[in-house]
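Below are the chains, spelled out letter by letter.
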Amino acid sequence: MKRRLVMCMLVLLLVMSGLALFPGEKVYACSCVESDVQESLETYTTVFTGKVVKKGDSQQSKHDGILREYTFDVDTAWKGVSAKKMKIVGKDGGSDSCGIQFEKNQSYLIFASLDEQDNRLHTNLCSGNVPMEQAGDDLKLLGAGKVVSKEDFGEPNEGRSGPFYLFIYGAVILLAALAVVWVWRRKKRI
């Protein structure tokens, strides 16, 4: 019995010594470096305000953990906007891992950087993104941006344009006129 107790104590001592000598991997919570909006404008590849129109599914990344793609309908641009609808990848998860969540149909001031590994725009908690209702001071510091429309990028309007309807009306009138002439000639022969 004594011998068994001594062996258990020795094993416990070895385990405790091993934990003390070889601690586990250190884990750090997210900590962001403070920067003002002007610095962020210079630092980030893309800066705009926009509304979330699509929230993608979470996907596991090899290097960055869990990511989620968001599609924004851009309202105003300061830098790096190449389309009316921009896709931004956000690190998914809580604030302890620098994760960020955007809500669908909500508008935000967005700062994103191009990730050269996957050639997509990425953002996270430390980027300085804020909901529009909290962006007042930042927007004043950014100054006037450029209001964005689809025509700025050569994107077609949704639906039909004026020339399309003009063509359709012309075709209908021409067909109606041909029908009247055909009926008139047919009656003339009878």
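Going by the structure above, here's the rest.
Note that the structure is a prediction, hence the values are computed from the model and not measured.

With that settled, the discussion passes to the overall build of the protein. Helix and strand content of the protein: 4 helices and 7 strands. Across the 190 residues of the protein, 27% fall into the buried class. Long-range contacts, defined as pairs at least 24 residues apart, comprise 62% of the intrachain contacts of the protein with a sequence gap of at least 6. For the protein, the exposed surface amounts to about 14,000 Å²; the carbon and sulfur share of it is 59%.

Taken as a whole and judged by the stated rule, the model has 1 disulfide. Note on cysteine connectivity: Cys32 is disulfide-linked to Cys126, with sulfurs 2.0 Å apart. Judged by the sign of its S-S torsion, about -70 degrees, the bond between Cys32 and Cys126 is left-handed. Here Cys32 is found in the loop between α1 (2-21) and α2 (37-43), whereas its partner Cys126 is found in the loop between β5 (120-123) and β6 (130-131), with 94 residues between them in sequence.

Attention now moves to a nonpolar patch on the surface. On the surface, Ile168, Tyr169 and Val172 cluster together into a nonpolar patch covering about 290 Å² of accessible area. The topology assignment puts Val172 in helix α4 (residues 162-189).

Turning our eyes to something else, we now look at the environment of Gly90. Turning to its location among the elements, Gly90 is positioned in strand β3 (residues 85-91). Beyond its immediate chain neighbours, meaning those up to four positions away, Gly90 contacts Ile66, Leu67, Arg68, Tyr70, Ile100 and Thr123.

By the bridge criterion, 7 bridges tie strand β2 (residues 65-79) to β3 in an arrangement that is antiparallel. Its bridge partner being in β3, Arg68 is matched across the sheet by Gly90. With antiparallel pairing between neighbouring strands as the criterion, β2 and β3 make up a hairpin whose turn holds 5 residues, including Gly80 at a positive phi of roughly 70 degrees. Inspection of the sheet shows β3 paired to β5 by 3 bridges, in the parallel sense. When the sheet's bridge partners are listed, Ile88 is paired in β5 with Leu121.

Right, let's talk about unusual backbone geometry for a bit. Even without glycine at this site, Asn105 takes up a positive phi of about 70 degrees. Looking at the secondary structure, you find Asn105 in the loop between β3 and β4 (107-115). We note that Asn119 has phi near 55 degrees; this positive angle belongs to a residue other than glycine.

The rules we used
- Residues numbered from 1 in each chain as written.
- Predicted model: local features only at pLDDT ≥ 70, side-chain atom pairs only at ≥ 80, totals over all residues.
- Heavy atoms only, no water.
- Helix = DSSP H or I, 4+ residues; strand = E, 2+ residues; numbered from the N terminus.
- Buried < 20%, exposed > 50% of the residue type's maximum accessible area, 1.4 Å probe, protein only.
- Contact = heavy atoms within 4.5 Å.
- Areas by Shrake-Rupley, 256 points an atom, 1.4 Å probe, with all protein chains shown as cover.
- Disulfide = S-S within 2.5 Å.
- Patch = residues over 30% accessible without salt bridge, like charges linked within 9 Å, V, L, I, M, F, W, Y side chains within 5 Å.
- Salt bridge = Lys/Arg side-chain N within 4 Å of Asp/Glu carboxyl O.
- Pairing = 2+ DSSP bridges.

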